[in-house]
Amino acid sequence: MSTCSVSKGCFVFKPSPKKRKLSQKTVNYFRERNNASEDTDVRFVTCQSLWNQIKLETEQIQEDLNKQLFDNLVSFLRQSHSEFQEKTTEWTCRMKSREIPTAALVLGVNVTDHDLTFRSLSEVLQNNITPYIALLEAKDCPGIKNLMQKLMGQLMNCYIDVDSLEDEDHMQVSQNKIRCSMTSIISWYQNVTKKTDSETPSKKRTSSSRHWQSPPVVVIFKDMESFTTKVLQDFIVISSQHIHELPLVLVFGIATSPMIIHSLLPHSVSSLLCIELFQSLSCKEHLSTIIDKLLLTAQFPFKLGEKVLQVLINIFLYHDFSVQNFIKGFQLCIVEHFYSQPLSVLCCPLVDAKKRVNSLSHDQCENIRRLPSFRRYVENQASEKQILLLTADNFLKEITQKLLEDLYVYHENYVSVLRCLHVFTSSLPKYPLGKQIRELHCACLENRVWETEEYESSLQLARMLNKSDLVTMLQQCVEIFVSSSGKEFDKTIEKLKEFLTQFQELEAEAFQEQDGSVSAQKELQKKTDLYHLQKTLLELKESRRSKKLTKFEMLRFEVVDYVDSLVRTYLVPADHKTLHEIMYFNTASVLRGHLNAAPRVALHTALNNPYCYLKNQALKSDGGNISNKAPDICIVYKLHLECGRLINLVDWLEAFSTVVTAVEGPNTDAASSDQVDDIIHARFIRAVSELELLGFIKPSKQKTDHVARLTWGGC
Amino acid sequence: MSQAGRRERAALEVKFVPDEEVLKHIAEDSGIKVRKDKTQLTVTLKTFVKKLEDISDDGAQEILEEKNYVAALGICAQGSMGNGSSVSGGEVYSFQTPKRSSKMVELASELAQTPGQIVAAGHSECPEKTAKTPQSSKRPGSNKAQQRSKKKEFVSTTPYRLRKRLAAPDPDLESESEYSASCSEGDEDDQKEGSAGLSGQKTSAKTKAASVSPPRNTLAKKVKEDKMSNLVEEYFEAHSSSKVLTSDRTLQKLQKRRLNQQTLHDLLKKAPLAYAAEIKELNQQHESLFSKWMLHLHWGFNIVLYGLGSKRDLLEKFRTSVLQDSIHLVVNGYFPSITVRSILNSITEEVLDHTGTFHSPLDHLEFIIKRFKEDSSLELYVLIHNLDSQMLRGERSQQILAQLSSLPNIYLIASIDHINAPLMWDQAKLSLYNWLWYETTTFSPYAEETSYENSLLVQQSGSLALSSLTHVLRSLTLNARGIFRLLARYQLEHKDNPSYPGLSFQDFYQQCREAFLVNSDLTLRAQLTEFRDHKLIRTKRGGDGVEYLFIPVDDSTLTDFLEKEDEDV
């Protein structure tokens, strides 16, 4: 069946049921390209389990980060209608106050992440406060009627969820038939709460253990900014009339700033709200936590290379601030890595990896031998070992196991030392190596960090730290090393502790030394004569220069040098390590192409420089130029660049035919040159309508046979 | 003699100092530099040239910075596919610059003159030419005689300039200084016309002018002003004038037979596709990624294809080779009357076998989402050609499609072509779509996508109307045809009158009677009703309540129609 038709735009293809495979396994697509390798299944499973693990982890992180916020919200909701719970006669006094308790939830600009937050929020509320939650989005509520409809639909559905299917007959009344009004919501609410009251005591217990007798109704506006003000205002005014009958609580999801409430709602409406502000964690902190837990840990064997990480962070910082998108990028990296790297089968926990190494096929061994990092390793070995490595599979496997182990140890140590270095650099003025640990991580991955200027300057700055800072840093480092899983750090801890005790000893000595310096200072204060002051200052300076370093300074140098030595041993860039290709995903171009594409640049390149895509010598040209043998659309495009806002089609056509006939050869006689060849005319029409489809031009009514240009300048 | 001239110049210069002061205040930025120039009384030519270089360096610097930004995003062009990313944003999104109307002809002849060779396009005009063009545009030479008519705007301004130029310099000025004056004047002229905004070239021309003319200070100032206000001026110039400097030629005058869809199609079939081998190779590269597409689809991503060339064939190939055994829906976005509703309908009716209607697309969508969530074994592949088409690019349609695509068991593969297509999506929609971008530049012609009548340009419009006209008229009586012809002729006679309201009924009746076409006004009315039912004519009431009749077809089609009719009769 063809999909070309002049009467229809949609075509459904349904294969006959027996022919239809229920669902082709994803693993098949994994396999198709690498038919040769038999490890694809294992790889696919590894990939999937790794991703699931990471997904769980990220969800856990999100939950932990939101915990504080949700706790606050829950306690706010509890309080908001406490009077209502008591069912006292104080109602009458509440009648007068029509304020709706409102929580303004400032979530930040990363709109994409909000969905997840709201989902977990409603879950939390459902478990702790109330079953009656409605989540409203602006796109579903263009008018107050739609809003009420949506609201009722959600509220009454959740009612079914709570009370199972007991009273289905009650719900048979279709939602459409009920008049959507506040009164019907109220009657529904009273109905529901009464029912729970009248139910058997045992049942009541169970339900009231989680919720109160009359739980509040929570209405969440997910994206408050995009609601039309009219709808919001109407809803607030109407519901404030009924607040004494219906314990309503509003939650506003705000992406910008809390000021938006006041700019959206006039005072008369906003005065009906009793707003309390809640601030969620900033997305940057969220990202740091994610990086901390996913990348700077030895838990997951999969690692990101420097360029890839840089691309992901740049997309986050320059484009969307969305942690969700960062994780999506991470997911793509995992899929790409396992798909394109046959050896990624070894990218799993060390125990499994060792087993898998033993069962590697010959092809896979060859793959290992082909790795650039492994070749480098082989070249540094003795010649007989080289031969063994290149010929004997078993020996290779043995060595691979050893190398993998090395790599794991390296990771463990790397993380601890990186954190330790971060403790030092994050408190230096101007942050030469970056404020965040991710920046430091990138710097370390990129190349030998100790060879960079920034590192040099930060060491110099570290040599000027004062004692109290230094001591706290050392203590932090000790904590990091103690908590780390690396086994090599016993000595390091000892050494650091030794430094600490030395500092304490210094403190005792310092008391004695202080006297001398104080006297000098006092002397300085006595002098009021300018000449003498200058003289003493010069003397002081002289003496300071000549004086050898104090004990503290010596110790400080020692500490910094020690940290430096740690860095040099443990923070070797990953791509200097043998077999790093197995763990590290480093093809940033693929990632960038998929996530941060530039469609217009691609078009621009194709039109300006077709040789980029069509590898024909005739099209080859220097930058900015175009061959006159280029495809029609390129020529038409180039010609239209020379025009202003309007383009005369006749001129355009003539210019085009001039170019095209010149290419095809001068055999066309002079007589026909006046009249454009039909085929050329047709080609021109096609090219022009293609340009129209691409959005470069549009038909114009301003002048007959003219089209208007839609782009500026060079494009 | 020349010294005298120079002295004259110096005197002039002194006179203009206050002007400079004023300008200094206006242009703060360059003002400082100018003041510096004044302190150094002897400004050497060298420093001046250097300054110019500095300016152009600044421009280069900016481009460099842009490139750095691109680089910061992790540019790592590997392989042929990554080439696109090496273009900086400044090249792609630059300001609009006013263009000279003759530019296209020049470029075309340039391209044509050197067949088989690579020609510099526009950018590398030789300096001689730039020096010449202003002059020729001032006094339209023989080569531009044909375009003279369209340069009315220029013609009107030129005398003023000439007058000014004749009045300003002293008559005893030497020819050399006269030349320099005209040259700088020419530069100004050039500026006004905006020679494709090639600043580098302009500056080079200006340095030349500066080296000839003695009063460097004033020139330096002028150049700087030009430089600074260049962008702003060019922008406003491009947008302020409602007059359009293009020739008045129309396709009518070409004596060109209009091509209809069929002949166009046939002609294009005859024309061999250029670079077929390379295009095939390109396509094969893309086809090798099919299994990867499926993998990504199954990992929860949706795929969007972009790049020059029709992606229809590629998607068809994908469909026939991979999706044969699964349920899939193909949507031709370029189809002129496609709607989201029809897409949703085909899902509910044909995929879910549900009969029933829905109040709104939102209800419809909800139903679909519910069904897909209930039945996880249900899988649907949706292929949309041209997601950015006129009919689907609206906010609401995109929202619905995005929500549809966010379902875990609906897999969406779409293609986009329009340069501004990504603007359709905000962050929320993007996250729903969860796109993975694939560059698939195919260079194949957009045959199917542009085949619908309204997607073609003026050459085509009307051919459908014309054929419908002839078809309807053929079924009518001779008298009826006569009536219509009469109206058509009358309309054509008045085609130059922009305020022509149409033919009033009374006049029409009168004329028809005279031509023995009708005998009563009732028969005419009956006839007109028939025309109206076939949408051949339209009526509108004038201010005085009189009914005016006209044919809602453009003049050229009408002419064609009359010609054809005359042949028949």
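Calculation criteria
- Residues numbered from 1 in each chain as written.
- Chains lettered and ligands numbered in written order.
- Predicted model: local features only at pLDDT ≥ 70, side-chain atom pairs only at ≥ 80, totals over all residues.
- Heavy atoms only, no water.
- UniProt positions renumbered as here; feature names shortened; annotations may be inferred.
- Buried < 20%, exposed > 50% of the residue type's maximum accessible area, 1.4 Å probe, protein only.
- Helix = DSSP H or I, 4+ residues; strand = E, 2+ residues; numbered from the N terminus.
- Pairing = 2+ DSSP bridges.
- Right-handed = clockwise from strand over helix to strand, strands pointing away.

Chain B goes by Origin recognition complex subunit 2 in an unreviewed UniProt entry, where it is assigned to Patagioenas fasciata monilis. Here chain B is described in UniProt, under the heading Function (unreviewed entry), as follows: "Component of the origin recognition complex (ORC) that binds origins of replication. DNA-binding is ATP-dependent. ORC is required to assemble the pre-replication complex necessary to initiate DNA replication." As recorded by UniProt, the Subunit (unreviewed entry) comment attached to chain B reads in full: "Component of the origin recognition complex (ORC)."

Named according to an unreviewed UniProt entry, chain A is Origin recognition complex subunit 3 originating from Patagioenas fasciata monilis. The UniProt entry for chain A carries the following text under Sequence similarities (unreviewed entry): "Belongs to the ORC3 family."

A. Region of interest: the pairing of strand S5 (residues 410-415) of chain B. All names here are of chain B. Most of S5 sits out of view: six of its six residues are buried. Where burial is concerned, the two faces of S5 agree: the one with Ile410, Leu412 and Ala414 and the one with Tyr411, Ile413 and Ser415 are both buried. Direction of pairing for strand S2 (residues 302-306) relative to S5: parallel, over a ladder of three bridges. Pairing of Val304 across the sheet is with Ala414, part of S5. The pairing of strand S4 (residues 380-385) with S5 spans five bridges and is classified as parallel. Each bridged residue has a counterpart across the sheet, and for Val382 the counterpart in S5 is Leu412. This β-α-β element, S4 to helix H17 (residues 395-405) to S5, shows right-handed connectivity.

B. Main features of unusual backbone geometry. Here A:Phe321, not a glycine, exhibits a phi torsion of approximately 55°, which is positive. Its location among the elements puts A:Phe321 in the loop between helix H14 (306-320) and helix H15 (323-340). By relative accessible area, which is 28% here, A:Phe321 ends up partly exposed. Phi at B:Phe443 is positive, roughly 65°, even though this residue is not glycine. Among the structural elements, B:Phe443 can be located in the loop between strand S6 (435-439) and helix H19 (463-474).

C. Local environment of the sheet that holds strand S8 (residues 538-541) of chain B. All names here are of chain B. Across the sheet, three strands lie side by side as S7-S9-S8; this open sheet has antiparallel pairing. The sheet is open, and its two edges are formed by strand S7 (503-504) and S8, each paired on a single side. Of the strand pairs in this sheet, S7 and strand S9 (residues 547-550) are connected by two bridges, and their pairing is antiparallel. Looking at S9, one finds that Leu503 is bridged to Leu549.

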